[in-house]
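# Chain and residue survey
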Amino acid sequence: MKPTTVIVVDDSALIRQLLTEILNNDPQIKVVATAADPYQARERIKQFNPDVLTLDVEMPRMDGLTFLRNLMRLRPMPVVMVSTLTQHGAQITLDALALGAVDVIAKPKIDVANSLSHYAEEIISKVKAAANARVRAYSGGDQLLSPKLSADAIIDPDKPLAPLRTTEKIVAMGASTGGTEAIREVLAAMPADSPGMVITQHIPAAFSAAFAERVNRQSAMEVCQARDGQQILPGHAFIAPGDQHLLVERDGARYVCRLNDGPAVNRHKPSVDVLFRSVAQQVGPNAIGVMLTGMGDDGAQGMLEMKQAGAVNMVQDEASSVVWGMPGAAFKLGASEQQLALSDIAAAIRRAAMKH
């Protein structure tokens, strides 16, 4: 099979070297060139026509966002951003995802060599996923894998369902690659009196609070990064922190957010499977499950458990997904009969919420 070709664009020679070594360690990836700035990158792209570009956010001569905007307008291709773990880096990264970048690799400010090596598996998987992603023109070697834990690591699968009945609806949503923009689009179309929503998006911890703030500015709902013990109220959406599992817990007649610092599940923390299982057990038939674009299969089993508990589920269709991994896995497992275009999901949530 032809390897995925990559060009690494970064003004740091050390980062270029590290990313090249990490990616070339996988036999299915080949770094064909590197570039120190966008002008070099433009020439390398013409020369090598790569499958994927890794792009530093902050570079000399032309910043990464300007270059990305031009690239996605004139020659759309899969781009994985490399961003520093800072508040400023988070904002720029979210701008890049809005412009059409597929995913982001977090670059620490200190001890870069060891830190990037630690994330080698994640870097490789993100580049591979990007190679298969659907990108749209901007208009306005087998690695040693860590153990893949299931949601059993966080929640006992045999825990009985919450016996109390309530008519209050809860919407549980999961997403990964391409999900930041998909979530923003859905929440922007939800009215202020929507059911309470709990959301797990695979995103670096340094970026999740900035992501919640950005979505909040564009939604009639109140959107925030979840804190432990917060009551889940109508008109509010709670996004999991990028380094903790988000669960829903019944507290008398109320639903509250619970944060859990346990191990990664399906190699993700937060994990969609953990959120969905908690919703299946605690909310049952009053839940609405939504699976948006994302790589892998995290959340498919949890969504099936939600269905078995009486929830109404829906998944984003393949045509509108950046990567039809998670929604595809849930659909193939039989966790949802509804495949919907991203633009139709908000209306479908509202219809489901009105039914008893």
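It should be noted that the structure appears before, not after, this text.
Residues numbered from 1 in each chain as written. Predicted model: local features only at pLDDT ≥ 70, side-chain atom pairs only at ≥ 80, totals over all residues. Heavy atoms only, no water.

Now for the overall build of the chain. Across its full length, the chain carries 12 helices and 14 strands. Here the chain holds 356 residues, and 56% of them are scored as buried. For the chain, the exposed area adds up to about 14700 Å²; of that, 51% sits on carbon and sulfur atoms. The averaged location of the 38 negative side-chain charges in the chain is 5 Å from the averaged location of its 35 positive side-chain charges. (Helix = DSSP H or I, 4+ residues; strand = E, 2+ residues; numbered from the N terminus. Buried < 20%, exposed > 50% of the residue type's maximum accessible area, 1.4 Å probe, protein only. Areas by Shrake-Rupley, 256 points an atom, 1.4 Å probe, with all protein chains shown as cover. Lys, Arg positive; Asp, Glu negative; His and termini not counted. Charge placed at Lys NZ, Arg CZ, Asp CG, Glu CD.)

Residues three or four positions apart in an α-helix share a direction because the helix packs 3.6 residues into each turn. Listed in full, the buried residues belonging to helix 12 (residues 342-354) are Leu342, Ile345, Ala346, Ala348, Ile349, Ala352 and Ala353. One side of helix 12 holds all its buried residues, which, seen down the axis, span an arc of 165 degrees. Away from its buried face by more than 90 degrees, helix 12 exposes Ser343 and Met354. Looking at the packing, one finds that the buried side of helix 12 touches strand 6 (170-175), helix 7 (179-188), strand 7 (196-201), strand 12 (287-291), strand 13 (312-316) and strand 14 (339-340). (Arc of directions from axis to C-beta. Contact = heavy atoms within 4.5 Å.)

It is worth spelling out the layout of surface pockets at this point. Here the second largest pocket defines a volume of roughly 190 Å³. For the second largest pocket, the full set of lining residues is Arg42, Ile45, Lys46, Met62, Phe67, Asn70, Leu71, Leu74 and Arg75. With four residues, helix 3 (residues 64-74) is the single largest residue contributor to the lining of the second largest pocket. (1 Å grid on protein atoms, 1.4 Å probe; cavity = no way out; pocket = protein on both sides within 12 Å on 5 of 7 lines; lining within 4 Å. Points joined across faces, edges and corners; volume = space filled by probe spheres on them.)

Let us now look at unusual backbone geometry. A cis amide bond links Lys269 with the next residue in sequence, Pro270, at an omega value of 15 degrees. Along the chain, Pro270 falls in the loop between strand 11 (254-260) and helix 9 (272-282). The residue Asn49 is not glycine, and still its phi comes out positive at about 45 degrees. As for its placement among the helices and strands, Asn49 is situated in the loop between helix 2 (38-48) and strand 3 (52-56). The backbone phi angle of Asn266 is positive, close to 55 degrees, even though this residue is not glycine.

Attention now moves to the pattern of salt bridges. Counting across every chain of the model gives 16 salt bridges. The shortest N-O distance in the salt bridge between Asp51 and Lys2 comes to 3.9 Å. One end of the pair, Asp51, is in the loop between helix 2 and strand 3; the other, Lys2, is in the segment before strand 1 (4-9), with 49 residues separating them in the sequence. Overall, the relative accessible area of 63% leaves Lys2 in the exposed class. Of the charged contacts, one joins Lys307 and Glu337 as a salt bridge, the two residues approaching to 2.5 Å between their closest N and O atoms. (Salt bridge = Lys/Arg side-chain N within 4 Å of Asp/Glu carboxyl O.)

All right, on to the sheet that holds strand 4 (residues 79-84) then. Taken together, five strands build an open sheet; the order of strands is 2-1-3-4-5 and the sheet is parallel. Across the chains shown, the open sheet's two edge strands, defined by having one partner strand only, are strand 2 (29-35) and strand 5 (103-107). The sheet shows a mean angle of 25 degrees between the axes of neighbouring strands, direction not considered. As paired elements, strand 4 and strand 5 share five bridges and run parallel to each other. For Ser83, the partnering residue across the bridge sits in strand 5 and is Ala106. Taken strand by strand, helix 4 (residues 87-99) contacts strand 4 and strand 5, and its axis lies near 170 degrees from that of strand 4. (Pairing = 2+ DSSP bridges. Axes fitted to C-alpha atoms, helices over the stretch in contact; angles between N-to-C directions.)

If you add up the space inside the largest cavity, you get close to 30 Å³. Lining the largest cavity, in full, are Leu94, Thr180, Glu181, Arg184, Phe211 and Arg214. Put simply, the parts of the chain that give the lining of the largest cavity at least two residues each are helix 7 and helix 8 (205-217). Per element, the largest residue contribution to the lining of the largest cavity is three residues, and it comes from helix 7. Partitioned by chemical class, the residues of the lining of the largest cavity number two nonpolar, one polar and three charged. (Nonpolar A, V, L, I, M, F, W, Y, C, P; charged D, E, K, R; others polar.)

Taken as a class, soluble globular proteins show a tendency for nonpolar side chains to be buried jointly. Counting residues in hydrophobic clusters, the biggest one holds 59 residues, and the most contacted among them are Met173, Val186, Leu187, Leu292 and Ile349. No other element matches helix 12, which puts seven residues into this core. In this structure, Met173 is in contact with Ile183, Val186, Leu187, Met197, Val198, Ile199, Thr200, Leu275, Phe276, Val290, Leu292 and Ile349, ignoring residues within four places of it in sequence. Judged by nonpolar contacts, the second largest core, of 30 residues, contains Phe238, Val279, Ala300 and Leu304. (Core = buried A, V, L, I, M, F, W, Y, C linked by side-chain atoms within 4.5 Å.)

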